[in-house]
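Close look at the chain arrangement
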Amino acid sequence: MSSSISLQQSVLKEIASLLDNDDALKKVLALAKKLKREGKKEEVEEFTEADKKEILDDLREAFKELKLAKEGKVKLQNARDFLNEVRSQSC
């Protein structure tokens, strides 16, 4: 942990030395924003095989239901009724 604090202090010291240089501060800001965006990309969650299987199974089921609805064998719920149902379940 102390090496992390030391690293933070070094970074802050270097940035502080640039406080009088607006051009350098703009570059530091742009770089910091870029690094932050790249860090978020790395945080993307990986799905387990079980998660992938469940998602695919759910999609298959949804497509089967849509096919049945197109064939007139089942009636789908309209969006308003669906939203009302979701709202009532979340309360």
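Analysis parameters
Think of each chain on its own: its residues are numbered from 1, step by step along the sequence as written. Restriction of local features to residues with pLDDT of at least 70 applies here, the model being predicted, together with a cutoff of 80 or more for giving and counting side-chain atom pairs; totals for whole chains, interfaces and linings are based on all residues. To get the side-chain values, all heavy atoms of the structure are used, and hydrogens and water are removed first. The numbering of helices and of strands both runs from the N terminus, where a helix is a DSSP run of H or I of at least 4 residues and a strand a run of E of at least 2. Throughout, the radius of gyration refers to the C-alpha atoms, and the reference size of a globule is 2.2 Å times the residue count to the power 0.38. Think of it in three bands: residues with accessible area under 20% of the maximum for their type are buried, residues over 50% are exposed, and the middle band is partly exposed, with areas taken using a 1.4 Å probe on protein chains only. A helix is expected to reach a length of 1.5 Å times the quantity of its residues less one. Note on patches: the residues involved have over 30% relative accessible area and no salt bridge, like charges join within 9 Å, and the nonpolar side chains Val, Leu, Ile, Met, Phe, Trp and Tyr join within 5 Å. Values of accessible area rely on a 1.4 Å probe in the Shrake-Rupley scheme; residue burial ignores everything except the protein chains shown. Salt-bridge detection follows one rule: a side-chain nitrogen of Lys or Arg within 4 Å of a carboxyl oxygen of Asp or Glu. Pairs of N or O atoms are called polar contacts if they sit within 3.5 Å, as long as, within protein, a hydrogen donor faces a hydrogen acceptor (for residues adjacent in sequence, only side-chain-to-side-chain pairs).

The helix and strand inventory of the protein stands at four helices and zero strands. Reading the protein from its N terminus to its C terminus gives the helix and strand order α-α-α-α. Computed over the C-alpha atoms, the radius of gyration of the protein is 26 Å, more than 25% above the 12 Å expected from 2.2 N^0.38 for a compact globule of 91 residues. Overall, the C-alpha framework of the protein stretches about 70 × 30 × 30 Å when taken along its three principal axes. Counting across all 91 residues of the protein, residues that qualify as buried make up 1%.

Let's shift gears to the environment of S6. Along the chain, the position of S6 falls in helix 1 (residues 2-16). Spatially, the C-alpha atoms of S6 and Q89 are 50 Å apart, while their sequence positions differ by 83 residues.

So, on to helix 3 (residues 49-70). Here helix 3 contains 22 residues, and its C-alpha end-to-end distance of 31 Å stays within 8% of the 32 Å for a straight helix at 1.5 Å per residue. Looking one or two residues past helix 3, G72 carries a phi angle of roughly 80°, positive in sign.

Moving on, we get to a nonpolar patch on the surface. On the surface, a nonpolar cluster with roughly 780 Å² of combined accessible area is contributed by F47, I55, L56, L59, F63, L66, L68, V74 and L76. Looking at the secondary structure, you find F63 in helix 3. The exposure class of F63 is exposed, given its relative accessible area of 57%.

All right, on to the pattern of salt bridges then. Evaluation of the coordinates by the stated rule reveals four salt bridges. Taking the shortest distance from any N to any O, the salt bridge between K52 and E49 comes out at 3.6 Å. Highlighted residues: K52 and E49, both in helix 3, separated by three residues, approximately one helical turn. Residue K73 pairs with E71 through a salt bridge whose shortest N-O separation is 3.3 Å. With relative accessibility at 61%, the residue K73 sits in the exposed group.

The next point concerns the environment of E71. In this structure, E71 sits in the loop between helix 3 and helix 4 (79-90). Along the chain, E71 and F47 lie 24 residues apart, while their C-alpha atoms are 34 Å from each other.

The end-to-end C-alpha distance of helix 4 is 16 Å, a good match for the 16 Å that 12 residues give at a rise of 1.5 Å each. Counting buried positions along helix 4 yields zero of 12 residues, so the element is predominantly exposed. Its side-chain oxygen 3.2 Å from the backbone nitrogen of R80, N78 forms the N-cap of helix 4.

Worth remembering: the numbers are spatial, not functional.
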